[in-house]
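Fold and contact review
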Amino acid sequence: GAVVSQHPSRVICKSGTSVKIECRSLDFQATTMFWYRQFPKKSLMLMATSNEGSKATYEQGVEKDKFLINHASLTLSTLTVTSAHPEDSSFYICSARGAERYQETQYFGPGTRLLVL
Amino acid sequence: SQKIEQNSEALNIQEGKTATLTCNYTNYSPAYLQWYRQDPGRGPVFLLLIRENEKEKRKERLKVTFDTTLKQSLFHITASQPADSATYLCALELSGGYNKLIFGAGTRLAVHP
């Protein structure tokens, strides 16, 4: 149990375009989802936290108009990187937390590698 | 300032030995401390969670200790195997809010046959 998927696993796009990344909890309902980015050999940096049906809470320094987060259902959250630039290239990872036995920790997706040319 | 520190250098050990990884933190009061394993190009995988009122927790070959006075956690892998080679991340879970996790940078473990 507690499987989280992400799609796509990797994406290459041109500068100025927008990219959408999906995060799904496959076998439990995720009351809270988190989005992180990770640079090579660096720690995971939390970008935002979202609860189903609510606006996301962004960490300091993360542009909410740049990184649009939608958590429309208990199994799906999306991160849209708008007008992507090369400095947005990174590894984006989502995680999900549920209720009862799924509330103890966060369950992570496999990550999405974004390369902006 | 708030910090979470893990050994930045890789830990190289021989198969069968016990690996010990350290996580130190300053200016945090975590409700929980968690350990994750991360393989290259993959998301973290949850291993163990220890609460602030617990001293030690075990799961198969894994053992975690938590000293809130020293602000330190030790993560042990006994009878290590080459398959244990990965980066191990410690994460603090802060109380209140949405239970955010604050991650250390991780320690890379290499177990040699």
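Residues numbered from 1 in each chain as written. Chains lettered and ligands numbered in written order. Predicted model: local features only at pLDDT ≥ 70, side-chain atom pairs only at ≥ 80, totals over all residues. Heavy atoms only, no water.

1. Structural notes on a nonpolar patch on the surface
All names here are of chain A. On the surface, Ile 12, Leu 115 and Leu 117 cluster together to form a nonpolar patch covering roughly 320 Å² of accessible area. Position of Leu 117 among the secondary structure elements: in the segment after strand 11 (112-116). On the accessibility criterion, Leu 117 (60% relative accessible area) is exposed. (Patch = residues over 30% accessible without salt bridge, like charges linked within 9 Å, V, L, I, M, F, W, Y side chains within 5 Å. Areas by Shrake-Rupley, 256 points an atom, 1.4 Å probe, with all protein chains shown as cover. Salt bridge = Lys/Arg side-chain N within 4 Å of Asp/Glu carboxyl O. Helix = DSSP H or I, 4+ residues; strand = E, 2+ residues; numbered from the N terminus. Buried < 20%, exposed > 50% of the residue type's maximum accessible area, 1.4 Å probe, protein only.)

2. Describing the state of the cysteines
Taken as a whole and judged by the stated rule, the model has 2 disulfides over all chains. Here Cys23(A) pairs with Cys94(A) through a disulfide, and the sulfurs are 2.0 Å apart. Negative torsions about the S-S bond denote left-handed disulfides, and the value of about 80° found for Cys23(A) with Cys94(A) makes this one right-handed. Remark: Cys94(A) occurs in strand 9 (residues 90-97) and Cys23(A) occurs in strand 3 (residues 19-25); sequence separation between them is 71 residues. Assigned by exposure class, Cys23(A) and Cys94(A) land together as buried. What pairs with Cys23(B) in a disulfide is Cys90(B), and their sulfur atoms sit 2.0 Å apart. (Disulfide = S-S within 2.5 Å.)

3. Considerations on the nonpolar core
The biggest cluster of nonpolar side chains holds 26 residues, and the ones touching the most others in it are Val4(A), Phe28(A), Trp35(A), Leu79(A), Tyr92(A) and Leu114(A). Counting residues per element, the ones that place at least two in this core are strand 2 (10-13), strand 3, strand 4 (32-38), strand 5 (44-51), strand 7 (67-73), strand 8 (76-81), strand 9 and strand 11 of chain A. Setting aside residues no more than four positions away along its own chain, Leu114(A) makes contact with Val11(A), Cys13(A), Val19(A), Val81(A), Asp88(A), Ser89(A), Ser90(A) and Tyr92(A). Tyr28(B), Leu62(B), Phe75(B) and Cys90(B) belong to the second largest nonpolar core, which has 23 residues in total. (Core = buried A, V, L, I, M, F, W, Y, C linked by side-chain atoms within 4.5 Å. Contact = heavy atoms within 4.5 Å.)

4. Looking at the interface of chain B and chain A
With 19 residues of chain B in contact, the opposing surface of chain A contributes 21 residues. Summed over both partners, the interface of chain B with chain A comes to about 1600 Å²; 53% of that surface belongs to carbon and sulfur atoms. Where chain B touches chain A, the interface holds 2 salt bridges. Linking Arg97(A) and Glu93(B) is a salt bridge whose minimum nitrogen-to-oxygen distance equals 2.9 Å. Linking chain B to chain A there are 9 residue pairs in polar contact (both at pLDDT 80 or more). Elements that contribute at least two residues to the side of chain B that touches chain A include exactly strand 4 (32-38), strand 5 (45-51), strand 9 (86-93) and strand 10 (101-103) of chain B. A per-class count over the side of chain B that touches chain A returns 9 nonpolar, 6 polar and 4 charged. (Buried area = accessible area lost by both parts, 1.4 Å probe. Polar contact = N/O pair within 3.5 Å; in protein donor to acceptor, adjacent residues only side chain to side chain. Nonpolar A, V, L, I, M, F, W, Y, C, P; charged D, E, K, R; others polar.)

5. Brief notes about the environment of Gly16(A)
Along the chain, Gly16(A) falls in the loop between strand 2 and strand 3. Those residues in contact with Gly16(A), other than ones at most four positions away along the chain, are Ser83(A) and Ala84(A).

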